[in-house]
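# Working through the structure, step by step
The residues making up each chain are set out below.
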Amino acid sequence: MNVLVTGGLGFIGSHTVVELLEKGYDVIIVDNLYNSDIKVKDKITEITKKTPKVYIEDLLNKEAINKIFNENNIDEVIHFAGYKAVGESCKKPLMYYYNNLMSTINLLEVMKEHNVKKFIFSSSATIYGNPGIPKYVEDLGRGITTNPYGTTKSMIEQILEDLYKSDNEWSISLLRYFNPIGAHKSGLIGEKPNGIPNNLMPYILKVASGELEVLNVFGNDYDTPDGTGVRDYIHVVDLAKGHVSSLNKIEKSGSGLYIYNLGSGKGYSVLELVNTFERVNNIKVNYKIVERRPGDLAEYYADASKALNELGWKTEKTLEDMCRDSWNFMKKEIQSI
Ligand code: NAD
Ligand code: UD1
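Values in this document were obtained by computation on a predicted structure and should not be read as measured data.

### Brief notes about the pairing of strand β12 (residues 256–262)
Taken across its 7 residues, β12 has 6 buried, putting it largely inside the fold. Pairing between strand β7 (residues 171–177) and β12: 7 bridges, direction parallel. In the strand pairing of β12, Y177 is matched with L262.

Pasting the structure below:
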């Protein structure tokens, strides 16, 4: 099977490419290097001893996508490419709507022209908005999103539902990720945030490495066991495996619209994550409690039972694994500078 992976040199895409190659898929990557590095291709080869075909192209360029489909016998597509920074999306909404929506529509149009109708989309738990309960189950449906990034995810889900309604030959999987962290155990691929990170684990890594002085813990007065925010962290390798399971489902069950949460089903607080990181890596993370971050919810985690029942997929890695593997990647990055 030939799988086109958009954004395949990015954080989640690269880990998924590794899992696909190891399962015997042939992989074609398209990425414009907006938030990735061509060196990731060699790292993937080092891990898998296989080399994916890579196109450095922008999905906003429909001609370029068409050329990729003409040159390869593509069976299915996993679509990771997009912009993902919540804060930036509030400052540059047009840039986010343009890139995330137009690249997806271009891709779907070219797929349709080539009669390729198997599609997996990177969605997010953010599409639930604030449903008022912490355990998010797929049936809750899309709520009111709180930032343009989240709205692009919600809009693309809607576009894909409409597409499926218009033509039942499509097999479409909407995968709603919770909070992906961790890195491949080799330490060769992982998440490389530029500048000052917004998300918790990248920030912890920069404090642990001495690049930033102190982690600001956003509030300790939430209605949670230790007062800090609770999230469902998922190891990126487990997440990558969820895509392979989802691809298997589409291949076996045929056309349909499939929606799955990809999370562990367990919530951990900010302080639990910090304490686990310190313990498994034997390193201090300076932190201080500050005001709540506007827009943050106290607690949410996945109801992960649908993915287990229908895909036979569940997370296997622990919070300890996530903390150890994230730091292992960061240490290798520091050594390579
Ligand atoms: P990432 O930024 O590491 O990867 C995205 C890749 O897409 C990058 O390599 C980037 O260069 C590429 N890209 C962006 N726009 C492109 C375009 N127009 N044409 C070609 N390539 C383009 O992000 P990630 O963390 O790997 O996330 C992958 C997907 O999962 C994204 O759609 C993201 O919104 C979604 N997601 C991520 C998270 C998370 O916390 N990381 C959570 C939920 C959903
Ligand atoms: C956010 C986005 C989500 C995105 C995800 C990426 C929203 C509503 N959600 O989720 O769309 O997919 O990032 O993983 O925007 N925290 C600190 N200090 C920090 C950073 C974070 O205390 O410096 C706390 C937060 O308050 C929160 C937890 O850590 O309780 C996780 O935060 P973060 O990693 O930013 O992810 P989310 O806000 O859950």
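### A few points about the packing of aromatic side chains
Under the counting rule described, the total for this entry stands at 7 aromatic pairs. Ring centres of Y136 and F178 lie 6.2 Å apart, and the angle between their planes is 55 degrees; this geometry places the pair in the tilted category. Of this pair, Y136 sits in strand β6 (residues 135–136) while F178 sits in the loop between β7 and β8 (179–181); the two residues are 42 residues apart in sequence, bridging distant segments of the chain. Side by side, Y136 and F178 carry an identical accessibility label, which is buried. Aromatic pair Y136 and Y300: ring centres 4.9 Å apart, planes at 10 degrees, arrangement stacked.

### So, the pattern of salt bridges
Applying the stated rule across the entire model yields 18 salt bridges. The residue K84 makes a salt bridge to E191 at a minimum N-O spacing of 2.9 Å. Within this pair, whereas K84 is found in the loop between β4 (76–79) and α4 (86–91), its partner E191 is found in the loop between β8 and α7 (200–208), the two being separated by 107 residues in sequence. For E320, the salt bridge identified is with R279, shortest N-O distance 3.0 Å. You can see E320 sitting in helix α11 (residues 319–336) and its partner R279 sitting in helix α9 (residues 270–281), a full 41 residues away along the chain. Assessed through its relative accessible area of 25%, E320 is described here as partly exposed. Given the relative accessible area of 52%, R279 is considered exposed. Three or more residues joined by partner-sharing salt bridges are found here, namely R142, E157, E161 and R176.

### Section: the site of ligand 2
Near ligand 2 lie 22 residues; those nearest to it are L200, N216, R231, R293 and D296. Within the side chain of R231, one N or O atom sits 2.6 Å away from an oxygen atom of ligand 2. Here R293 contributes a side-chain N or O atom positioned 2.8 Å from an oxygen atom of ligand 2. Summarising the interface, the protein chains cover 88% of the accessible area of ligand 2, which totals 750 Å² for the free molecule. Mapped by element, the contributors of at least two residues to the shell around ligand 2 are α7 and β9 (215–218). If you tally residues by element for the shell around ligand 2, the top one is β9, at 4 residues.

### Description of the sheet that holds β4
Pairing within the open sheet is parallel, and its 7 strands lie in the order β3-β2-β1-β4-β5-β7-β12. The sheet is open, and its two borders are formed by β3 (53–56) and β12, each paired with just one other strand. Across the sheet, the mean angle separating the axes of adjacent strands is 15 degrees when strand polarity is ignored. One ladder, built from 3 bridges, connects β4 with strand β5 (residues 118–124); its direction is parallel. Looking at β5, one finds that I78 is bridged to I120.

### Details of unusual backbone geometry
Unusually for a residue other than glycine, L33 sits at a positive phi of about 65 degrees. Following the sequence through the fold, L33 ends up in the loop between β2 (26–31) and α2 (39–48). Overall, L33 belongs to the partly exposed group, its relative accessible area being 28%. The phi dihedral of N115 falls on the positive side, at around 55 degrees, and the residue is not glycine. By the secondary structure assignment, N115 is in the loop between α5 (93–113) and β5.

### So, the pairing of β3
Relative to β3, β2 runs parallel, the two being bridged by 4 bridges. Residue I28 lies in a different strand from β3, and its bridge partner there is K53. Chirality of the crossover, the property in question, places the unit of β2, α2 and β3 among those that are right-handed.

### Observations regarding the site of ligand 1
Neighbouring residues of ligand 1: 26 residues in total, closest I12, D31, N35, K84 and N99. One of the side-chain N or O atoms of K84 is found 2.8 Å from an oxygen atom in ligand 1. Notes on ligand 1: free accessible area 810 Å², of which the protein chains cover 95%. Counting residues per element, the ones that place at least two in the shell around ligand 1 are α1 (11–22), β5 and α6 (148–166).

### Here we look at α5
If you check α5, its first and last C-alpha atoms are 30 Å apart, about what 21 residues at 1.5 Å a residue would give, namely 30 Å. Along α5, the positions that sit buried rather than exposed are Y96, N99, N100, L101, S103, T104, N106, L107, L108, V110 and M111. Those residues of α5 hidden inside the fold are in contact with β1 (2–6), α3 (62–71), β4, α4, β5 and α6. Looking one or two places after α5, you find N115, whose phi comes out positive at around 55 degrees.

Reading the values: the criteria
Residues numbered from 1 in each chain as written. Chains lettered and ligands numbered in written order. Predicted model: local features only at pLDDT ≥ 70, side-chain atom pairs only at ≥ 80, totals over all residues. Heavy atoms only, no water. Buried < 20%, exposed > 50% of the residue type's maximum accessible area, 1.4 Å probe, protein only. Helix = DSSP H or I, 4+ residues; strand = E, 2+ residues; numbered from the N terminus. Pairing = 2+ DSSP bridges. Phe/Tyr/Trp six-rings, centres within 6.5 Å; stacked < 30°, edge-to-face > 60°. Salt bridge = Lys/Arg side-chain N within 4 Å of Asp/Glu carboxyl O. Near = heavy atom within 4 Å. Polar contact = N/O pair within 3.5 Å; in protein donor to acceptor, adjacent residues only side chain to side chain. Areas by Shrake-Rupley, 256 points an atom, 1.4 Å probe, with all protein chains shown as cover. Axes fitted to C-alpha atoms, helices over the stretch in contact; angles between N-to-C directions. Right-handed = clockwise from strand over helix to strand, strands pointing away. Expected span 1.5 Å × (residues − 1). Contact = heavy atoms within 4.5 Å.

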